[in-house]
Amino acid sequence: MKILFATSECVPFVKTGGLADVVSALPREILKAGEDVRVILPLYKAIGQEWREQMQHVLYFYVNLGWRRQYVGIETLQYAGITYYFVDNEQYFGRDYIYGMGGDEGERFAFFCRAVLEALPKIDFIPDVLHCHDWQTGLIPVLHKLQYRQLELFENIRTVFTIHNLQYQGLFPIDTIEDLLYLGNLAYTSDALEFYGMCSCMKGGIVFSDEITTVSPTYSQEIQTAYYGERLDGLLRSRVDHLSGILNGIDTVEYDPEKDGLLTANYTADTFSKKVENKLALQRELGLTVDAEVPMIAMITRLSGQKGLDLVECVLPEIMNTGAQLVVLGMGESRYVDLFSWAQWKYPQQVSANFQMNHALAHKLYAAADMYLMPSLFEPCGLSQLISLRYGTLPITRETGGLRDTVLAYNEFTGDGNGFTFLYYNAHDMLHVIENAVRMFHDQKDVFKGLAIRAMKGQYGWDQSAKKYIDLYARLIANPSAPLPGEAPAPAEEEAPKPAKKKAAPKATAAKKPAAKKPAAKAEAKSAAEKKPRAPRKKAEPAK
């Protein structure tokens with residue numbers, strides 16, 4: 001099979017969130033199964049010179065974007081056995097940011113979606129499956145269905161669309177998108193791209209792709225409810241036969257405490273006692289009280305309301321009263337930057353706030369901490385809890401989305417579990433679980449250590465999930481003639497009955513001629529037909 005991943009970010013080239021990790025690790029696992037898998041993404045200014053020096057220029061061409069005719073350069077390089085293509089355009093991607101600051105996000109990613117499809121025949125790679133990720137690539141299935149599938153080279157391409165976070169939908173004025181892509185008025189109806197008067201790129205991916213996936217089984221169920229569905233729950237329920245949840249994994253080579261070169265001390269489940277050396281080193285580095293007996297709680301997160309930081313804000317003094325240290329690493333909303341800046345000033349020996357994207361510090365923190373706090377309001381999958389488990393750092397999570405699928409609460413009666421969880425989005429429920437975890441750290445050291453060792457022995461890689469994706473691709477390719485979303489299936493026989501065969505007329509003989517119908521009988525039959533009432537025609541119900 002030939003598979004092309006279309007994405008807006010990818011490790012190790014550029015990263016703002018978990019999407020970049022997924023589209024880096026998953027293709028590598030698919031490659032191991034012998035499939036031809038490649039990745040295409042924008043050539044951002046943020047992609048470092050060390051990568052640019054390895055790139056080879058493939059070709060350039062121009063695409064029509066409304067009245068504009070825009071340059072597209074294609075660069076390529078090989079990394080970890082995968083071929084990566086980079087879409088080059090300085091106007092759209094030669095900026096000091098990745099997303100969300102220029103006011104022309106719709107134009108930037110409409111251009112990217114058009115460029116991806118136009119590039120396929122030029123780079124001589126027509127995939128069997130075009131796998132699109134999040135709203136930035138949501139217009140690719142739309143363009144493919146409405147403008148490209150009629151072409152011979154594109155007719156057998158099947159599309160998969162993965163929802164990484166339904167909250168970010170890519171909403172833009174309809175006139176803006178139409179001015180760029182010329183999709184036609186029928187593309188902006190309520191059963192297509194229109195979403196409360198706007199054009200939704202996320203909705204485009206959901207409606208026009210052949211299959212939809214989410215990044216965990218629980219999240220695929222949650223987004224079909226009004227609470228989590230971001231006003232798309234009805235649409236997702238209507239496509240439930242083409243919706244599946246496949247759990248993310250992590251790169252177990254990158255995140256390996258036994259070989260991680262960024263750690264002070266490497267360790268395994270069998271040498272778990274060495275883990276504490278990482279805590280002592282990080283306490284010294286961050287200016288915290290250096291004491292192996294003080295539990296350390298880590299938070300490596302985007303500073304946003306989704307991550308449950310308002311719960312932390314409600315009970316922060318009580319968390320400090322447990323005696324635990326809190327180390328925060330991340331960037332985001334000024335409200336939470338102010339919160340943790342204040343906490344660091346108020347509790348200088350207990351709190352360290354680091355407002356940056358620091359890959360090396362993140363690795364050190366996963367290894368140093370005893371607990372990892374992740375009280376998300378919702379979490380499509382989450383990778384941080386998987387990394388923390390891999391490093392023997394016990395997660396404290398809310399039971400939602402992928403957190404529910406990966407973290408099992410400790411059961412004091414059976415001894416089962418690999419972390420600590422709470423169900424309701426409530427600050428004091430979270431506080432109660434934190435207090436219990438800290439109490440176990442002090443009073444039941446053997447139990448706490450046993451849970452951490454068990455966590456390290458878990459399977460968090462991509463092998464099983466990659467197999468599920470490969471099976472999904474194979475099913476799509478095996479049935480290329482299946483009707484695409486929005487197409488009516490071929491009419492069944494009962495819907496288009498064939499005309500009945502005429503009975504052969506009896507042979508006329510000289511002795512007996514066929515009797516003619518009497519005029520009276522004809523009139524009687526006509527009268528009965530006129531009297532027979534017609535069934536009222538049902539009015540079409542508006543689409544919900």
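Residues numbered from 1 in each chain as written. Predicted model: local features only at pLDDT ≥ 70, side-chain atom pairs only at ≥ 80, totals over all residues. Heavy atoms only, no water.

Caption draft 1: Layout of unusual backbone geometry. Residues Val-11 and Pro-12 are joined by a peptide bond in cis, for which omega reads 10°. A positive phi is found at Asp-124, a non-glycine position, where the angle reads about 60°. Note that Asp-124 resides in the loop between helix 4 (105–122) and strand 6 (129–133). Unlike most non-glycine residues, Asp-134 shows phi in positive territory, near 65°. Position of Asp-134 among the secondary structure elements: in the loop between strand 6 and helix 5 (139–148). (Helix = DSSP H or I, 4+ residues; strand = E, 2+ residues; numbered from the N terminus.)

Caption draft 2: Fine view of the packing of helix 5 against helix 7 (residues 201–208). For the pair helix 5 and helix 7, the least separation of the axes is 7 Å and the interaxial angle reads 50°. Comparing the axis directions of helix 5 and helix 7 gives the class oblique. The way helix 5 lies across helix 7 gives a crossing that is left-handed. Packed against helix 5, whose contacting residues are Leu-139, Pro-141, Val-142, Lys-145 and Leu-146, the element helix 7 presents Cys-201, Gly-204, Gly-205 and Phe-208 at the interface. Taken together, the residues of the contact of helix 5 with helix 7 break down into six nonpolar, two polar and one charged. (Axes fitted to C-alpha atoms, helices over the stretch in contact; angles between N-to-C directions. Parallel < 35°, antiparallel > 145°, perpendicular 65-115°, else oblique. Left-handed = near helix turned anticlockwise from the far one by under 90°. Contact = heavy atoms within 4.5 Å. Nonpolar A, V, L, I, M, F, W, Y, C, P; charged D, E, K, R; others polar.)

Caption draft 3: Region of interest: helix 16 (residues 427–443). With 17 residues, helix 16 should cover 24 Å at 1.5 Å per step; its first-to-last C-alpha distance of 24 Å lies within 8% of that length. Inspection of helix 16 places Ala-427, Met-430, Leu-431, Val-433, Ile-434, Ala-437, Val-438, Met-440 and Phe-441 among the buried residues, and these make up the whole buried set. Where helix 16 begins, one side-chain oxygen reaches toward the backbone nitrogen of His-428, 2.9 Å away; that side chain belongs to Asn-426. (Expected span 1.5 Å × (residues − 1). Buried < 20%, exposed > 50% of the residue type's maximum accessible area, 1.4 Å probe, protein only. Polar contact = N/O pair within 3.5 Å; in protein donor to acceptor, adjacent residues only side chain to side chain.)

Caption draft 4: Up close: the confidence of the model for the chain. For the chain, per-residue confidence averages 89 on the pLDDT scale, and residues scoring 70 or more make up 88% of the total. Confidence over residues 482–544 falls short of pLDDT 50; this stretch has 16 contacts with residues more than four positions distant or in other chains. (pLDDT = per-residue confidence, 0-100.)

Caption draft 5: Representation of the packing of aromatic side chains within the structure. If you walk through the whole model with that rule in mind, you get 28 aromatic pairs. A centroid spacing of 5.7 Å and a plane angle of 80° characterise the contact between Tyr-44 and Phe-93, whose relative ring orientation is edge-to-face. On the criterion of sequence distance, the pair formed by Tyr-44 in the loop between strand 2 (36–42) and helix 2 (49–52) and Phe-93 in helix 3 (residues 90–93) is long-range, its members being 49 residues apart. Taking relative accessible area as the criterion, Tyr-44 reaches 0% and is therefore assigned buried. In this structure an aromatic cluster arises from ring pairing among Tyr-44, Tyr-92, Phe-93, Tyr-99, Phe-109, Phe-111, Trp-135 and Phe-172. One Lys or Arg, Lys-122, reaches over the ring of Phe-61 and ends 4.8 Å from the middle of that ring. (Phe/Tyr/Trp six-rings, centres within 6.5 Å; stacked < 30°, edge-to-face > 60°. Lys NZ or Arg CZ within 6 Å of the ring centre and 35° of its normal.)

Caption draft 6: Highlighting the sheet that holds strand 9 (residues 194–195). Strand order in the open sheet made by the three strands is 8-10-9, with antiparallel pairing throughout. Edge positions in the open sheet fall to strand 8 (171–173) and strand 9, since each of these has one partner strand only. Sheet topology places strand 9 next to strand 10 (residues 198–200); two bridges connect them, and they run antiparallel. Bridge pairing in strand 10 links Glu-194 to Cys-199. Across the face of the sheet, helix 6 (residues 174–181) comes into contact with strand 8, strand 9 and strand 10 while running at roughly 80° to strand 8. Packed on one face of the sheet, helix 7 meets strand 8, strand 9 and strand 10 and runs near 55° to strand 10. (Pairing = 2+ DSSP bridges.)

Caption draft 7: Looking closely at the pairing of strand 17 (residues 394–398). Where burial is concerned, most of strand 17 is hidden: five out of the five residues are buried. Taking every second residue as pointing to the same face, both faces of strand 17 are buried, with Leu-394, Ile-396 and Arg-398 on one and Pro-395 and Thr-397 on the other. Relative to strand 17, strand 16 (residues 371–374) is paired through four bridges, and the arrangement is parallel. Residue pairing across strands places Leu-373 opposite Ile-396, the latter belonging to strand 17. The pairing of strand 17 with strand 18 (residues 420–422) spans three bridges and is classified as parallel.

Caption draft 8: Spotlight on helix 4. Taking 1.5 Å of rise per residue, 18 residues should cover 26 Å, and helix 4 covers 26 Å from first to last C-alpha, within 8% of that figure. The buried count for helix 4 comes to 15 of 18 residues, which makes it a mostly enclosed element. Positive backbone phi, approximately 60°, marks Asp-124, located one or two places after helix 4.

Caption draft 9: Up close: the nonpolar core. Ranked by size, the top nonpolar core spans 167 residues in total, and within it Ile-163 and Phe-340 carry the most contacts. Considering each element in turn, this core owes the most residues, 10 residues, to helix 4. If near-sequence neighbours (up to four positions away) are discounted, Ile-163 is found in contact with Asp-134, Met-202, Ile-206, Ile-212, Thr-213, Thr-214, Val-215, Tyr-219, Ile-223 and Leu-236. (Core = buried A, V, L, I, M, F, W, Y, C linked by side-chain atoms within 4.5 Å.)

Caption draft 10: Region of interest: the environment of Tyr-44. Separated by 36 residues in the primary sequence, Tyr-44 and Ser-8 place their C-alpha atoms 9.6 Å from one another. Within the structure, the side chain of Tyr-44 is placed 2.7 Å from the backbone oxygen of Ser-8, a separation counted as a polar contact.

Caption draft 11: Structural context of the pattern of salt bridges. Counted according to the given criterion, the structure contains 19 salt bridges. Asp-36 is the salt-bridge partner of Arg-38, the closest N and O atoms lying 3.3 Å from each other. Note that Asp-210 and Arg-158 form a salt bridge whose closest N and O atoms lie 3.6 Å from each other. Linking Asp-210 in the loop between helix 7 and strand 11 (211–214) with Arg-158 in strand 7 (residues 158–163), this pair joins segments that are 52 residues apart in sequence. For the pair Asp-210 and Arg-158, a shared accessibility class is recorded, and that class is buried. Each of Arg-68, Glu-107 and Asp-179 takes part in salt bridges that share partners, so that together they form one network. (Salt bridge = Lys/Arg side-chain N within 4 Å of Asp/Glu carboxyl O.)

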